[in-house]
Amino acid sequence: MPIYLLRRVLAAIPVMLVVAVFVFLLLRLTPGDPAAILAGDMATPEQLDRIRESLGLNDPLLVQFVRWIGALLQGDFGTSLISNKPVIDLVADRMWPTIWIAIITLSLSVAIAVPMGVLAAWKQGSWVDHLVMTFSVLGFSIPVFVIGYLLIKLFAIDLKWLPVQGYKAPSDDFAGFAARAVLPALTLASIYIALIARMTRASLLDVLNEDYVRTARAKGLTERRVLFRHALRNAAVPVMTVIGTGFALLISGVVVTESVYNIPGLGRLTVDSIFARDYPVIQALILLTSGVYVMVNLLIDLSYSLLDPRIRY
Amino acid sequence: MAEKTMRGAFPLSTRQLAARVGAAPIIAAVVLSLIILAAIFAPFIAPHDPILQDPVMRLKPPSGDFPLGTDNFGRDLLSRVIYGARVSLVIGIGVTIMAVVLGLAIGLVSGFFRTADAIIMRIMDGLMAMPSVLLAIAIVSLMGASIWTVMAAITIPEIPRVVRLVRSIVLTAREEPYVEAAIALGTSMPRVLWRHLMPNTFAPLTVQATYVCASAILTEAILSFLGAGVSTETPTWGNIMAEARIYFRLKPMLILWPGLALSLCILSINLLGDAARDILDPRMGKRED
Amino acid sequence: MALLSALPAAAETTITAVMHSGLRVMDPVITTAHITRDNAFMIWDTLVAVDSDFVVQPQMANFDVSEDGLTYTFTLRDGLKWHDGGEVTPADCIASIKRWMVRDGGGQMINDRMESLEATGDKTFVLKLKEAFPYTLQAMAKPSGLALFMMPERIANTPADTAITEYIGSGPFKLVEDEFQPGVKVVYEKFDDYVPAPGPQSWFSGAKDVKVDRVEWVTMPDAQTTINALMNGEVDYVEGVPVDLLPLLEGLDNVKVDVLKKLGAVTIGRMNFLHPPFDNKKIRQAALKAISQEDVLTAMIGNPDYFQVCGAIFGCGTPFEFSDGSESLTTGGDIEGAKKLLEEAGYDGTPIVLMQPTDVATLTAQPIVAAQALRNAGFNVDLQPMDWQTLVTRRASQAKPSEGGWNLFFTGWIVPEVSNPLASIMLNGRGDKAWFGWPTDPEIEAMLNDFASTPDLEGQKAIAQKIQAHVMDNVNYIHLGQYFAPSGWSTSLKGVVNAPFPVFWGVEKE
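Only a predicted model underlies this, so the values are computations on that prediction, with no experimental measurement involved. (Residues numbered from 1 in each chain as written. Chains lettered and ligands numbered in written order. Predicted model: local features only at pLDDT ≥ 70, side-chain atom pairs only at ≥ 80, totals over all residues. Heavy atoms only, no water.)

A. Quick peek at the overall build of chain A. Across its full length, chain A holds twelve helices and zero strands. Listing the helices and strands of chain A from first to last along the sequence gives α-α-α-α-α-α-α-α-α-α-α-α. By principal-axis analysis of the C-alpha atoms, chain A measures approximately 85 × 55 × 35 Å. Considering chain A as a whole, with its 313 residues, one finds that 58% of them fall into the buried category. Residue pairs at least 24 apart in sequence account for 73% of intrachain contacts in chain A once pairs closer than 6 positions are excluded. Accessible surface, chain A as shown: approximately 13,100 Å² in total, 69% of it carbon and sulfur. One way to put it: in chain A the 26 positive side-chain charges average out to a point 13 Å from where the 22 negative ones average out. (Helix = DSSP H or I, 4+ residues; strand = E, 2+ residues; numbered from the N terminus. Buried < 20%, exposed > 50% of the residue type's maximum accessible area, 1.4 Å probe, protein only. Contact = heavy atoms within 4.5 Å. Areas by Shrake-Rupley, 256 points an atom, 1.4 Å probe, with all protein chains shown as cover. Lys, Arg positive; Asp, Glu negative; His and termini not counted. Charge placed at Lys NZ, Arg CZ, Asp CG, Glu CD.)

This is the structure:
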């Protein structure tokens, strides 16, 4: 196990290097000039060039790349070209809203989707099954922002149960935090619920046809016992896989959700930085999200051995 | 991620087939055909030029002349939704073709040649690790927003998924006796790849392709929403919605009509994908995203 | 669900305001971005300021101009302090003026004529000129473009091309640095030691009385969300309410809507003079003739109560309002005239690269309307969508339009930025040194020089009228009219101030 772990962690290094090179080249080989954004509407071409020089953007690409990687290895993510703040501070500032929303979305999704999937598998072919399946296909057939607008209209404007937008830190005002987190989490969860419900149903159906489950049934165990003791446990593995691969989807959804609900999270920071050509911030953020993605999938792989005793590393 | 594969289609009678997939795919096929027909014959169906502006007629409610009303430039919403089908479908289908063709080629090479495999898969892992929408925004924003860059931006993050699928199939298939025999007999590599390995990928790729297509159409809408999409001079369902989003409370239909078209289209494609999967491999039962 | 709108425990008053954009750049000498200027007026104070009649008033300092117009004596008011407790000295002001003169157009004009700028006492300093320059005080008092703010000497000694990193001012509000999140949120506290100037508040002059404890600026990327938040009482003030959404706010008793920027803003189209086809005056004239202000403004704003078809390049409602040469623009365009001009000029169908920003709500409509108008006149238009930042980058490129350059883009200004010929950067005709588009136009340069040395208003008006006619004829840019963006605020705010951009002094919150 430790050797496997080490191997997996080492395998992440080339992946991150690919990400680093790709992002760097994408940013530098395409048109775009942070100096122009920095200087505003009335700048003259001369003034732009002076600002470019002072930002080090006139140096050769290789020099800039080595400078960046060198600093990274020392834990220095650089400074935002636009706001002059250390990137690490910007990220630390904006990370918690995103993390909280992601956690709530995940919990909400699993809590809603797994029972839905179980129900559908259990009542396979019935109207319940059809309903669940239709709902789940619908879940990833509607753009996230439309779902967001509909939820706002219903719960915040017509019913006035919840605030329209914003974010409060849970440590400052827990009730305020919870009230503001519900709608964004529900919006994001719509895709996730769809995915997980389908996966739960499919893998349960698989497992229910396995020999050992048939044996358990033949032994006279009740349906419920079969379902919970044997089937569900084994169905957990593919469900975890979906959570891992769906993580990328979650990040994409976060970008939109944060805009719709005005949450000051990492998604908006990334989009804003892309539009502002704030190179150090974009580089750090894409590297970071990629790193988290790799890590989450590593953890999920490891969790397989806990969930399914047949899998050993 | 264990992609289960299938070899050879199940010989099913029409009745068995209908029993297995139900009525939904048939309805989906009809809806999708209608959308495709509307897209092809847009110039004949649409009552107006979708980009012709008339400031006096802006934001008008539905009327005989403008069955769905007009947008904030006084353009006919119905015509825009009909023309929008064109671009959205072109993006969906274009991305699918590019992702499948490139993914298939890279996946075949990667699955077959051990040396290339290590490098290709590291690059694919890297691409896959980057959040796709962010990558797409970056590409569109940096390269300039045309329909081609939008397609490229959506395609690039889709490729690794296809590569992984193809590669896993090839890895299994190349251990098969008939493939080993072909190699032993000195059949040329391209021929082995082309004749023996590629056919194995068709069924799972068909299923995967439907999901790629649906997700491409959705991603285009999200890019438009975030301000990194195609110009509204070329209507797409996504940019019609994105442009109208500030009118959601006053004129919700400006968003709901294109939204309905988009959702129906994606729903149909997804249902067809599910049906294809059920027919081609009832054991596959899994969606890899 | 009353518990959700729980008030903060302390009886502090905080105004939560949604501004037009997120604040990221703090240095008001580096950038002319409006949000940076808005922030600067909170933290920093100005030496002199204009009132709503464009008259220069004392702000931090009283001023005295000698008979010959060569000597300006400034005397600082008593009790002026920096946010870190230090006193404001003439040395601070001199350093601030010098840093500003490197970057600002008006500042450079003063610098070109400057003999000396020296402290003459604890509270006084003197600016001596070699030749009279009647525009001096106007330049120092202008609120937009690069306004002149006073900073402590150590900060003002930063080179003018390097951004400052310390945000200490002497303005009515202090920045709460711990709570500043670039692009998301800026928090200000009342500066208790601020000494308001005597006299009634008018625009940026007079008493800046702060009547709340805190002001928080938040950025909201989604206009729909912003309006919802205002209606639900989650924010107190929204700088820009899209005119199309006003019906949502009508009849609400908790929200008030009005135009605070009475002078409004102008929108303009700028051509690239370096490349065909717009290097040809006739073709520029054809483009101008093709476009109708009313069509553009209707698509942008909708409700005609909130825009004004206006041919005056210096803005309607300003001292230099003339409308020479603007007939076609203000009367629906002249497509036939445009076609004729194109034919005479022998336009060969060279495509016009028209840059269209996709993410700035106030700039999305102009390119779409203009593209149709230009096509109607026979132009071949290549409308290229891009985000605003890409546009800003690309318009700095002098390359051929087919190789990453451009032919035409649209932007907007608030009226005070264009109301004076010397302040309006679009009039600069010095080729490569001019603003994007780079016209080489010695005629307008001569007129601007005349204007700069003309002391009396009547004389200035005569020159301004000539400039108006010249700009319309030569098409230095296309003036597309004036619009008035309404703001919205909660009725719990009292005394919301009319000014060309939002100010938070004088406002009370119940």
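B. Quick look at the overall build of chain B. The secondary structure content of chain B amounts to eleven helices and zero strands. Counting helices and strands in the order they occur from the N terminus, chain B gives α-α-α-α-α-α-α-α-α-α-α. A fraction of 72% describes how many contacts in chain B between residues 6 or more apart in sequence connect residues 24 or more apart. With an accessible surface of roughly 11,300 Å², chain B has 70% of that area assigned to carbon and sulfur atoms.

C. Looking closely at the domain arrangement of chain A. Residue and element names in this part refer to chain A. Domain boundaries in chain A define domain 1 (2-73) and domain 2 (90-307). Each of domain 1 and domain 2 was reduced to a C-alpha centroid, and the two centroids are 32 Å apart. Facing 21 residues of domain 1, the contacting portion of domain 2 comprises 15 residues. Roughly 1,500 Å² of surface becomes buried between domain 1 and domain 2 when both sides are summed, with 75% attributable to carbon and sulfur atoms. Contact with domain 2 buries area across many residues of domain 1, yet Arg8, Met16 and Leu27 alone supply 31% of it, more than any other trio. The interface formed by domain 1 and domain 2 includes zero salt bridges. One can count one residue pair in polar contact (both at pLDDT 80 or more) joining domain 1 with domain 2. Those elements that place two or more of their residues in the side of domain 1 that touches domain 2 are helix 1 (2-28), helix 2 (34-39) and helix 4 (61-73). Residue composition of the side of domain 1 that touches domain 2, by class: 17 nonpolar, one polar and three charged. (Domains from an automatic or database assignment. Buried area = accessible area lost by both parts, 1.4 Å probe. Salt bridge = Lys/Arg side-chain N within 4 Å of Asp/Glu carboxyl O. Polar contact = N/O pair within 3.5 Å; in protein donor to acceptor, adjacent residues only side chain to side chain. Nonpolar A, V, L, I, M, F, W, Y, C, P; charged D, E, K, R; others polar.)

D. Molecular detail of the sheet that holds strand 21 (residues 487-490) of chain C. All names here are of chain C. Spatially, the seven strands line up as an open sheet ordered 10-11-12-1-13-21-14, and their pairing is mixed. Across the chains shown, the open sheet's two edge strands, defined by having one partner strand only, are strand 10 (173-175) and strand 14 (255-258). By the bridge criterion, two bridges tie strand 1 (residues 14-18) to strand 13 (residues 237-238) in an arrangement that is parallel. Bridging across to strand 13, Ala17 finds its partner in Tyr237. Against the sheet, helix 1 (residues 34-43) contacts strand 10, strand 11 (185-190) and strand 12 (214-218), and its axis sits at roughly 170 degrees relative to strand 12. (Pairing = 2+ DSSP bridges. Axes fitted to C-alpha atoms, helices over the stretch in contact; angles between N-to-C directions.)

E. Fine view of the state of the cysteines. Applying the stated criterion to the full structure yields one disulfide over all chains. The partner cysteine of Cys310 of chain C in its disulfide is Cys316 of chain C, sulfur to sulfur 2.2 Å. Looking down the S-S bond of the Cys310 of chain C and Cys316 of chain C bridge, the torsion is 100 degrees, so its handedness is right-handed. The class of Cys316 of chain C is buried, set by a relative accessible area of 11%. In this structure Cys265 of chain B is not part of a disulfide, and its nearest cysteine sulfur, from Cys213 of chain B, lies 6.8 Å away. Residue Cys265 of chain B is classed as buried on the basis of its relative accessible area of 0%. (Disulfide = S-S within 2.5 Å.)

F. Just the nonpolar core, in detail. Within the largest apolar cluster, 345 residues are counted, with the highest numbers of intra-cluster contacts made by Ile137 of chain B together with Leu47 and Phe379 of chain C. Ranked by the residues each element gives to this core, the list is headed by helix 8 (residues 174-208) of chain A, at 17 residues. Both domain 1 (2-73) and domain 2 (90-307) of chain A contribute no fewer than three residues apiece to this core. (Core = buried A, V, L, I, M, F, W, Y, C linked by side-chain atoms within 4.5 Å.)

G. Layout of the UniProt feature "domain: ABC transmembrane type-1" (unreviewed entry) in chain B. In the numbering used here, UniProt assigns the "domain: ABC transmembrane type-1" (unreviewed entry) feature to residues 85-273 of chain B. Annotated as 83% helix and 0% strand, the span residues 85-273 of chain B places its first and last C-alpha atoms 20 Å apart. (UniProt positions renumbered as here; feature names shortened; annotations may be inferred.)

H. Just the sheet that holds strand 7 (residues 114-119) of chain C, in detail. Residue and element names in this part refer to chain C. Overall, antiparallel pairing links the four strands, which are arranged 5-6-8-7 in an open sheet. Because the sheet does not close on itself, it has two edges, and the strands there are strand 5 (61-65) and strand 7. Between one strand axis and the next, the sheet turns by 15 degrees as a mean value, whatever way the strands run. By the bridge criterion, five bridges tie strand 7 to strand 8 (residues 124-129) in an arrangement that is antiparallel. Each bridged residue has a counterpart across the sheet, and for Glu118 the counterpart in strand 8 is Val126. Docked against the sheet, helix 2 (residues 90-103) engages strand 6 (71-76), strand 7 and strand 8, running at close to 150 degrees with respect to strand 7.

I. A look at the interface of chain B and chain A. Facing 47 residues of chain B, the contacting portion of chain A comprises 46 residues. A combined buried area of about 4,400 Å² lies between chain B and chain A, and 75% of that area is made up of carbon and sulfur atoms. Contact with chain A buries surface across chain B, with Leu134, Leu142 and Phe225 of chain B losing the most and accounting together for 16% of the total. Across the contact surface, chain B and chain A share one salt bridge. For the salt bridge of Asp274 of chain B with Arg198 of chain A, the shortest nitrogen-to-oxygen distance reads 2.6 Å. Applying the counting rule to chain B against chain A returns two residue pairs in polar contact (both at pLDDT 80 or more). If you list the elements that add at least two residues to the side of chain B that touches chain A, you get helix 5 (114-129), helix 6 (132-143), helix 9 (189-225) and helix 11 (253-280) of chain B. Among the elements that line the side of chain B that touches chain A, the one with the most residues is helix 6 of chain B, at ten residues. The residue makeup of the side of chain B that touches chain A, split by class, is 29 nonpolar, seven polar and eleven charged.

J. View of the UniProt feature "transmembrane region" (unreviewed entry) in chain B. Residues and elements named next belong to chain B. The UniProt entry lists residues 21-46, 87-113, 133-156, 209-232 and 253-273 under the feature "transmembrane region" (unreviewed entry), expressed in the numbering used here. In this annotation, residues 87-113 is assigned 96% helix and 0% strand; the end-to-end C-alpha distance for the span is 38 Å. Segment residues 209-232 splits into 71% helix and 0% strand. End C-alpha atoms: 27 Å apart.

K. Focus on the pattern of salt bridges. Following the criterion strictly, the structure yields 34 salt bridges over all chains and no others. One salt bridge connects Lys282 of chain C with Glu344 of chain C, and the closest N-O pair in it is separated by 3.6 Å. Taken together, the residues span a long stretch of sequence, with Lys282 of chain C in helix 8 (residues 281-290) and Glu344 of chain C in helix 11 (residues 335-345) at a distance of 62 residues. Residue class for Glu344 of chain C comes out partly exposed when judged on its relative accessible area of 49%. Through salt bridges with shared partners, a single network forms among Asp71, Arg75, Arg80 and Glu243 of chain B.

L. Examining helix 5 (residues 87-122) of chain A more closely. For helix 5 of chain A, spanning 36 residues, the distance from its first C-alpha to its last is 50 Å, which sits close to the expected 52 Å at 1.5 Å a residue. Its maximal kink placed at Met95 of chain A, helix 5 of chain A deviates by approximately 40 degrees, while the proline Pro97 of chain A follows within four residues. (Expected span 1.5 Å × (residues − 1). Bend = angle between axes of the 7 residues up to and from the residue.)

M. Structural detail: a nonpolar patch on the surface. All names here are of chain B. A contiguous nonpolar surface patch, about 900 Å² in accessible area, is contributed by Ile26, Val30, Leu34, Ile36, Leu37, Ile40, Phe41, Phe44 and Ile45. Those elements that provide at least two residues to the nonpolar patch are helix 2 (24-40) and helix 3 (42-45). When residues of the nonpolar patch are assigned to their parent elements, the largest contribution, six residues, is made by helix 2. (Patch = residues over 30% accessible without salt bridge, like charges linked within 9 Å, V, L, I, M, F, W, Y side chains within 5 Å.)

N. Structural context of the packing of helix 6 of chain B against helix 7 (residues 147-173) of chain B. All names here are of chain B. Orientation of helix 6 relative to helix 7, taken along the N-to-C sense of each, is 150 degrees, at an axis distance of 8 Å. Relative to helix 7, helix 6 is oriented so that their crossing is right-handed. Contacts from Ser132, Leu135, Ala136, Ile139, Val140 and Met143 of helix 6 reach helix 7 at Thr149, Val150, Ala153, Ile156, Pro157 and Arg161. Taken together, the residues of the contact of helix 6 with helix 7 sort by class into nine nonpolar, two polar and one charged. (Left-handed = near helix turned anticlockwise from the far one by under 90°.)

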